[in-house]
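Residue strings, one per chain:
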Amino acid sequence: MRSVTAAAGATGLLALALLTGSAVAPTASTPVPPPPGTLRLIAYDSCAEALAGLRAAATAVVGPWGFGPGWRRAMGASGAVPAQGAAVAERADVTGATPAYSTTNNHEPGADEPDLVKTDGRRIVTVTGGVLRVVDPATRRETGRLDLAGADQDRWWPDNDLLLHGDQALVLVRSSAPEVVPMTGRAEGDTRPQPRPVDPRPRLLLVDLAGPPRIIGTYRIEGSLLDARLTGSTARVVVRSEPRLSFPYHERSTDAEQTAANRAVIAKAGLDAWLPRYEWTAGDERHTGRVGCDRLSRPADSTGTSLLTVLSFDLATGRLGDGDPVSVASDADLVYGTPGSLYLAGSAGPGPRTWNRPWRPEAVRTEIYQFDTGGPGRPRYVAAGSVPGTPINQYALSEWQGHLRVATTRESARGTTTESAVHVLTRRGGRLAETGMVAGLGRGERIYSVRYLGGTGYMVTFRQTDPLYALDLTDPAAPRVTGELKITGWSAYLHPVPGDRLLGVGQEADTRGRIQGLQVSLFDVHDPARPARLARYHVPGAFSTVEYDPHAFLFEPATGLVALPLGTGSIQLLTVTDRDITEVGTVGHASDQPRRSLLVGGELWTVSEAGLRVTDPTTARSLGWLPLT
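Residue positions are counted from 1 within each chain, in the order its sequence is given. Reporting in this predicted model follows two pLDDT cut-offs: at least 70 for local features of residues, and 80 or more for side-chain atom pairs to be given and counted; totals over whole chains, interfaces and linings ignore these cut-offs and use all residues. To get the side-chain values, all heavy atoms of the structure are used, and hydrogens and water are removed first.

Colleague: Would you mind going over empty space enclosed by the protein in detail, with residue names and values included?
Modeller: Gaps left between atoms are located by rolling a probe of water-molecule size over the structure's atoms. A volume near 40 Å³ is recorded for the second largest cavity. Taken together, Pro-202, Arg-203, Leu-204, Tyr-219, Arg-220, Ile-221, Leu-225, Val-237, Val-239 and Leu-311 make up the full set of residues lining the second largest cavity. Helical segments are the DSSP runs of H or I of at least four residues, strand segments are the runs of E of at least two, and each set is numbered from the N terminus. Taken together, the elements giving at least two residues each to the lining of the second largest cavity come down to β13 (203-208), β14 (214-221) and β16 (234-241). No other element matches β14, which puts 3 residues into the lining of the second largest cavity. Considering only residue class, the lining of the second largest cavity consists of 8 nonpolar, no polar and 2 charged. Site definitions follow a grid-based scheme: protein atoms alone, a 1 Å grid, a 1.4 Å probe that fits but cannot get out for cavities, and for pockets an open set with protein on both sides within 12 Å along at least five of seven lines, plus lining residues having an atom within 4 Å of a point. Grid points are joined across faces, edges and corners, and a volume is the space filled by probe spheres set on the points. Each residue gets one of three labels, nonpolar for Ala, Val, Leu, Ile, Met, Phe, Trp, Tyr, Cys and Pro, charged for Asp, Glu, Lys and Arg, and polar for the others, Gly among them.

Given below as structure tokens:
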């Protein structure tokens, strides 16, 4: 039963020249962890030094089972979840030729994020099941189709993301699925299927949409695709790679013998084991290459077990090229982008983490690398820093007036207790130095969501109840808590609403913390000292994908329309005013789950793998169905 209630009160980096003036890189055989806030990147002076440094760092952390616990792995590439830059409908251009349309629910305006559907008002572009389709919203007809899987001779998982610029679409393919084909060379009548080997590398496809969709360029690189951002016509793509080392296994070896054998493998490995190889095409041209050691830099405590590579592509040129790659010998979980900066953030321990050294949760820090992406071409590394604890997602980071705010949760020894904090950093030379901090938030709880709106921040922590904290961040030297509201449940995503309101999407819970189903809360935050909940919408037993994927959220400020995909296989339409939440209706796609909503010319389009439905957003009445067959 759904309920709506009102509640009152309750390189060299990146070329060696960019680091001119920095100290000569120390030998990597004795990495020294930097003191808090002093993290910076150091360029290798030669390929020989790069190889020696990578070998030494990897040797220091390898154990009998390989890198094991020393291998810092990300916990969600597109955790990769994507502050004002929500999917807000834009005005039509001055000619009136293009209808108003909504955009992807991005973290920051001017830094577009990849998603499974894009529109420019003239067309809707989506990729499902390895097929790119172009739909004309005016005629509600499919006007173009391209079988990407057939064109690239691989069969893909259904999720492919897009970036759109003018008549060019960049398709980001994270992984491949093996195609099942009959086996050959076996006994007659044995038709058991076997997977056809495919290239596991992530790939990028540049598709021209000016006429019938066609691929005009491709790019493959070793590693895994972490995330991307589009600023102007330049797409920045971040790839994570691990060294390609094959460690032997000897069943009766001691730990010491196995570790020695693994170290011997590292000692013989060349730069090809670490530096990613790539290939790109343009028409009939085919080019191959490898990230150059002059494009590689490292922090002082590099483990040699992971590399981050930033690629840059100007979509306006109609070619991908080599991506002008730059690499950092480190790891990251999150990508956060603004029109002028790209931040890579990842967790690290104090110094090298070896297989026989216990992990100390209280000492975990988040390393942050800032790149200047204000101009076209290769990004310029500008600063690095670190803060204690771990951010929940990219919304925990926010750049404002030359400062970076970072919200993290920190565990005590053995992970028995937790508390959260917001750190304010500013660039001083090549460092992101801490200027202020507000700590001690949500003791015994973890951060569930964060939202920054200019000089104000909002944070939700949870264990049994949901404290919504309001934070004054206008003074970077003295951030402070101004107010707190405790209610049951939590908000996993926060979105600004006109009239000094905040909308929270998450789960209701009882007083013991047991979840009770989807909860949408409307908060009044006009008085930072007294945040209050004005209205609540509850669907018992339900959840929304918005709770972990903000791209699924749609809000239109002019009408207050909210579209939320539900786990029940429909999209719930709501209207939000400055005091109420009203149910409009639901949009279904037969047996399929609609995953995205967008507005074009006042009509609501919902997208699933089965097709696109057109709906009147004021009544939830279906206006048409376009199957994707």
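Colleague: Run through the side chain of Glu-279, naming residues and quoting values.
Modeller: Secondary-structure assignment places Glu-279 in strand β17 (residues 277-282). In the analysis that follows, any N or O atom pair within 3.5 Å is treated as a polar contact, provided that within protein one partner can donate a hydrogen and the other can accept it, and provided that, for residues neighboring in sequence, both atoms belong to side chains. Here Arg-286 takes part through its side chain, which lies 3.0 Å from a polar atom of the side chain of Glu-279. Contacts are residue-level and defined by heavy atoms, with any inter-residue pair within 4.5 Å sufficient. If sequence neighbours within four positions are ignored, Glu-279 has contacts with Arg-201, Thr-218, Tyr-219, Arg-220, Arg-286, His-287 and Thr-288.

Colleague: Can you break down the environment of Ala-169 residue by residue, with the values?
Modeller: Tracing the chain through its elements places Ala-169 in strand β9 (residues 168-173). Separated by 51 residues in sequence, Ala-169 and Lys-118 have C-alpha atoms that sit 9.2 Å apart. Each residue touching Ala-169, except ones within four places of it in the same chain, is listed here: Leu-163, Leu-164, Leu-205, Leu-206, Val-207 and Leu-209.

Colleague: An account of the pairing of strand β45 (residues 621-627) is needed here, citing residue identities and associated values.
Modeller: The criterion for strand pairing is that DSSP finds at least two bridges linking the strands in question. Where strand β44 (residues 611-616) lies against β45, 6 bridges are found, and the strand directions are antiparallel. Paired with Val-614 across the bridge in β45 is Gly-624. As consecutive antiparallel partners, β44 and β45 are separated by 4 residues, and within that stretch Ala-620 has a phi angle of approximately 65 degrees, a positive value.

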